[in-house]
Amino acid sequence: MKIRGKVWKFGDDVNTDVIIPARYLRTFDSSVWPQHVMEGIDPEFSKKVQPGDIIVAGRNFGCGSSREQAALAIKLAGIAAVVAESFGWIFFRNAINNGLPAVECPGISKAVETGDLIEIDLEKGVVSTPRGILQIKPYPVFMREILAHGGLVEYFKRKIRGD
Amino acid sequence: MSTAVEKIFARTLGRRVEAGDFVEAPVDLMYFHDGTGPLVLKHLVEEMEVTSIPHPERTVIVFDHSAPPHNDQVADLQRYVRKWASKLRIKYLYDLGEGICHQVVPEKGHVKPGQIIIGADSHTCTLGAFAAFATGIGATDMSYALATSTLWFKVPETLQVKMKGSLSRGVYSKDLILYIAGRLSASGALGKTLEFSGPALASFSVADRMTLCNMAVELGAISGFCPVNEDVLKFLRSRGAHADFTSSTDEGAADEVVEVDCSEVEPMVAAPSTVDNVKPVADVEGTPVDEVFIGSCTNGRIEDLRVAAAILKERRVAEGVRLVVVPASREVYLQALREGIIEELLKAGAMIGVPGCGPCLGLHMGVLADGEVAVSTANRNFVGRMGSKKARIYLASPATAAASAVEGRIADPRRYLP
Ligand code: SF4
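Residues numbered from 1 in each chain as written. Chains lettered and ligands numbered in written order. Predicted model: local features only at pLDDT ≥ 70, side-chain atom pairs only at ≥ 80, totals over all residues. Heavy atoms only, no water.

Draft legend 1. Quick peek at the overall build of chain B. For chain B, the count of helices and strands is 14 helices and 18 strands. Counting only C-alpha atoms and orienting by the principal axes, one finds that chain B spans roughly 60 × 55 × 40 Å. The 418 residues of chain B split such that 65% are buried. Carbon and sulfur atoms make up 47% of the accessible area of chain B, which totals about 13,600 Å². Averaging the positions of the 43 positive and the 51 negative side-chain charges in chain B gives two centres separated by 3 Å. (Helix = DSSP H or I, 4+ residues; strand = E, 2+ residues; numbered from the N terminus. Buried < 20%, exposed > 50% of the residue type's maximum accessible area, 1.4 Å probe, protein only. Areas by Shrake-Rupley, 256 points an atom, 1.4 Å probe, with all protein chains shown as cover. Lys, Arg positive; Asp, Glu negative; His and termini not counted. Charge placed at Lys NZ, Arg CZ, Asp CG, Glu CD.)

Set out below in structure tokens:
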């Protein structure tokens, strides 16, 4: 799987309260979430972001609460992948479970700036940036399968239950 | 040579397990609340089309995030959770007013050492205080676990904090964990189990251990952990939970060890807007305060209310300051009533909230306006956490919070203690 897109860059320790505050979560209307994505850092972000764009961040992206709407808000805003130095554990799981590639890539935050074009090649395990090629940690097989099914729900239905 | 967490997974799986292994393991206990519950059940019932689960008796729901609901939309989502909890025959539902899930679950005897516990809430790590492997996960993971009673884990490495010495007067477990967060940073334990050990651990009560483990996730940890001692076992026995796992991490098995001398710690705050922006209270003393919140799964226990009441007794909350106190559970509230603590707090000018999360996550019961400053005993001071993005939150111990309520400014609690 190859993902090519334009970069929006953020810093270290981006937490789920700035990705989406709790007051927007008390609804099943998922169209609300992408409207407020990253609001705590950049209130205009949801207006600027284009489908297929990629978020690049530093250490511990998505730290904080277990709210899955943080991963969903990013995905529903059209973001194709999040590439970070490292991730908060729960966010990482939530992203994969919802079919949003969360890619751990040491060195990425120094290699790219907002506006750069990058390409992620999940099979080859590399990220190509204007300043060179970086290695990424490969996913274990079952995680690749979850992503290939578009998330854990479909993986459960087709692979585990065998629908 | 193994860590305690490796031993827990090995015991469950019946084979040797090492940190870094990906495993699929049965879970002993699953819990979620009214905040994450709607999405958990929507994924389970509407998307995965699962309408009966194999282990409803291992499942607990606690209504804590909006207790009671603050608008009709939330009331409706809570009704949705009740409806499906009943159809799925989920055995334990603690409804509004019972308290915060991380407090209620151990109080009601659901937790045992050596268990693998998942909660659809990041502070599930609190239950590491009872020598369980307890970790927070998201809604879809919870739905999957409800449907299969299993989940995949990456067995975490262990970062051991060896604690020696003792805390001085006016310094509490909250100050210690803030101090540790300041030293190690918000990603200092990323992906690991943060384990508390060393000679000082013996002096920490069950409540203290819960406070320490509660904040493990604020250092990026997957779980917190304390080996059991007699106090913990006594607490568990009194709740009908009998322990058969008393192992701890073997010497030399932890991936990283940090030493902390408790006697060096003073009253601390985490200043806005990250939990690792930690400073001694002395550095921020005198900062004017609009709201003080005493409560949450970090510091809403009877021990915390006792400390707050000792400072507020026969004193008044400063003019213009709102003091919101929310007991972590009905049991805590009742005990505080019996001890006269609630009366003292009310006389001092406090508002007492319904047991639950209260203003911790900015939904109700004390939301902050632009430019306001709060001192909170909870665990997160992120931008927008308690309301306005322009509000600022200082995290502190119940003693520092109470002293700040009295002065209307951030204050050192040691002045108020006998
Ligand atoms: S008290 Fe705060 S941190 Fe604890 S479970 Fe409730 S919202 Fe989360």
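Draft legend 2. Representation of the overall build of chain A in the model. Counting its regular elements, chain A contains eight helices and seven strands. With the principal axes as the frame, chain A shows a C-alpha extent of 40 × 40 × 25 Å. Within chain A, the fraction of its 163 residues that count as buried is 63%. Per element, the accessible surface of chain A, about 6,200 Å² overall, is 53% carbon and sulfur. On chain A, the mean spot of the 21 positive side-chain charges and the mean spot of the 19 negative ones are 2 Å from each other.

Draft legend 3. Region of interest: the site of the ligand. Residues and elements named next belong to chain B. If you check the shell around the ligand, you find H65, I100, H102, D121, H123, S296, C297, C357, C360, L361, N379 and R385 and nothing else. Here the residues of the shell around the ligand sort into five nonpolar, five polar and two charged. Each of domain 1 (12-260) and domain 2 (269-412) contributes no fewer than three residues to the shell around the ligand. (Near = heavy atom within 4 Å. Nonpolar A, V, L, I, M, F, W, Y, C, P; charged D, E, K, R; others polar. Domains from an automatic or database assignment.)

Draft legend 4. Region of the structure containing the interface of chain A and chain B. Each side of the interface is counted separately: chain A has 41 residues, and chain B has 50 residues. When chain A packs against chain B, close to 3,800 Å² is buried across both sides, 62% of that on carbon and sulfur atoms. When the buried surface of chain A facing chain B is broken down by residue, R26, F28 and W89 of chain A rank first, second and third, together holding 22% of it. In this assembly, chain A and chain B are joined by four salt bridges. A salt bridge links E49 of chain B to K157 of chain A; the nearest nitrogen and oxygen atoms lie 3.7 Å apart. There are 16 residue pairs in polar contact (both at pLDDT 80 or more) connecting chain A and chain B. Put simply, the parts of the chain that give the side of chain A that touches chain B at least two residues each are helix 1 (16-19), helix 4 (69-76), helix 5 (89-97), helix 7 (141-148) and helix 8 (152-160) of chain A. In terms of residue class, the side of chain A that touches chain B is made up of 17 nonpolar, 13 polar and eleven charged. (Contact = heavy atoms within 4.5 Å. Buried area = accessible area lost by both parts, 1.4 Å probe. Salt bridge = Lys/Arg side-chain N within 4 Å of Asp/Glu carboxyl O. Polar contact = N/O pair within 3.5 Å; in protein donor to acceptor, adjacent residues only side chain to side chain.)

Draft legend 5. Geometry of the confidence of the model for chain B. A residue-level look at chain B finds 100% of positions with pLDDT of 70 or above and a mean pLDDT of 98. What the predictor reports for the complex is a pTM of 0.98 with an ipTM of 0.96. (pLDDT = per-residue confidence, 0-100.)

Draft legend 6. Representation of the sheet that holds strand 9 (residues 193-197) of chain B in the model. Residue and element names in this part refer to chain B. Spatially, four strands are ordered 10-9-8-11 in an open sheet, and the strand pairing comes out parallel. Two strands in the sheet have a free side with no partner beyond their single neighbour: strand 10 (223-225) and strand 11 (256-261). Pairs of neighbouring strands in the sheet enclose a mean axial angle of 20 degrees, with direction left out of account. Sheet strands touched by helix 6 (residues 173-184): strand 8 (158-164), strand 9 and strand 11. Its angle to strand 11, the strand with the most contacts, is close to 130 degrees. (Pairing = 2+ DSSP bridges. Axes fitted to C-alpha atoms, helices over the stretch in contact; angles between N-to-C directions.)

Draft legend 7. View of the packing of aromatic side chains. As enumerated under the stated definition, the model contains 17 aromatic pairs over all chains in all. Between W8 of chain A and F45 of chain A, the aromatic rings sit 5.5 Å apart at their centres with planes inclined by 85 degrees, giving edge-to-face as the arrangement. With W8 of chain A in strand 1 (residues 2-9) and F45 of chain A in helix 3 (residues 45-48), the pair connects residues that are 37 residues apart, well separated along the chain. Judged by its relative accessible area of 12%, W8 of chain A falls in the buried class. Note on F45 of chain A: relative accessible area 0%, which makes it buried. Three or more aromatic residues link up through ring pairs in this structure, and these residues are F61, F87, F91, F92 and Y139 of chain A. Between the NZ or CZ atom of R93 of chain A and the centre of the ring of W152 of chain B, over which it lies, the distance is 3.8 Å. Sitting above the plane of the F153 of chain B ring, R93 of chain A keeps its charged end 5.9 Å from the centroid. (Phe/Tyr/Trp six-rings, centres within 6.5 Å; stacked < 30°, edge-to-face > 60°. Lys NZ or Arg CZ within 6 Å of the ring centre and 35° of its normal.)

Draft legend 8. Local environment of the domain arrangement of chain B. Residue and element names in this part refer to chain B. For chain B, the assigned domains read domain 1 (12-260) and domain 2 (269-412). Across the boundary between the two partners, domain 1 contributes 34 residues, which contact 35 residues of domain 2. Carbon and sulfur atoms supply 58% of the area buried between domain 1 and domain 2, which totals about 2,800 Å² over both sides. Here domain 1 is connected to domain 2 by three salt bridges. Our enumeration of links across domain 1 and domain 2 arrives at 18 residue pairs in polar contact (both at pLDDT 80 or more). If you tally residues by element for the side of domain 1 that touches domain 2, the top one is helix 6, at six residues. Within the side of domain 1 that touches domain 2, the residues separate by chemical class into 14 nonpolar, 13 polar and seven charged.

Draft legend 9. Region of interest: the pairing of strand 9 of chain B. All names here are of chain B. Across the five residues that make up strand 9, a large majority, five, are buried. Where burial is concerned, the two faces of strand 9 agree: the one with T193, E195 and S197 and the one with L194 and F196 are both buried. In this sheet, strand 9 lies alongside strand 8 in parallel orientation, the contact comprising five bridges. Within strand 9, the residue paired with L159 across the bridge is L194. Once the chain exits strand 8 it traverses helix 6 before rejoining the sheet at strand 9, and the crossover so formed is right-handed. Sheet topology note: the strand 9/strand 10 ladder contains three bridges and is parallel. Across the sheet, residue E195 finds its bridge partner in strand 10, namely F225. What joins strand 9 to strand 10 is helix 7 (residues 206-214), and the crossover it makes is right-handed. (Right-handed = clockwise from strand over helix to strand, strands pointing away.)

Draft legend 10. Representation of the packing of helix 11 (residues 302-312) of chain B against helix 14 (residues 398-407) of chain B within the structure. All names here are of chain B. One way to put it is that helix 11 packs onto helix 14 with a least axis distance of 8 Å and a crossing angle of 30 degrees. Accordingly, the angle class assigned to the pair helix 11 and helix 14 is roughly parallel. The way helix 11 lies across helix 14 gives a crossing that is right-handed. Of the residues in helix 14, those touching helix 11 at D304, V307, A308, I311 and L312 are P398, A399, A402, A403 and V406. Taken together, the residues of the contact of helix 11 with helix 14 break down into nine nonpolar, no polar and one charged. (Parallel < 35°, antiparallel > 145°, perpendicular 65-115°, else oblique. Left-handed = near helix turned anticlockwise from the far one by under 90°.)

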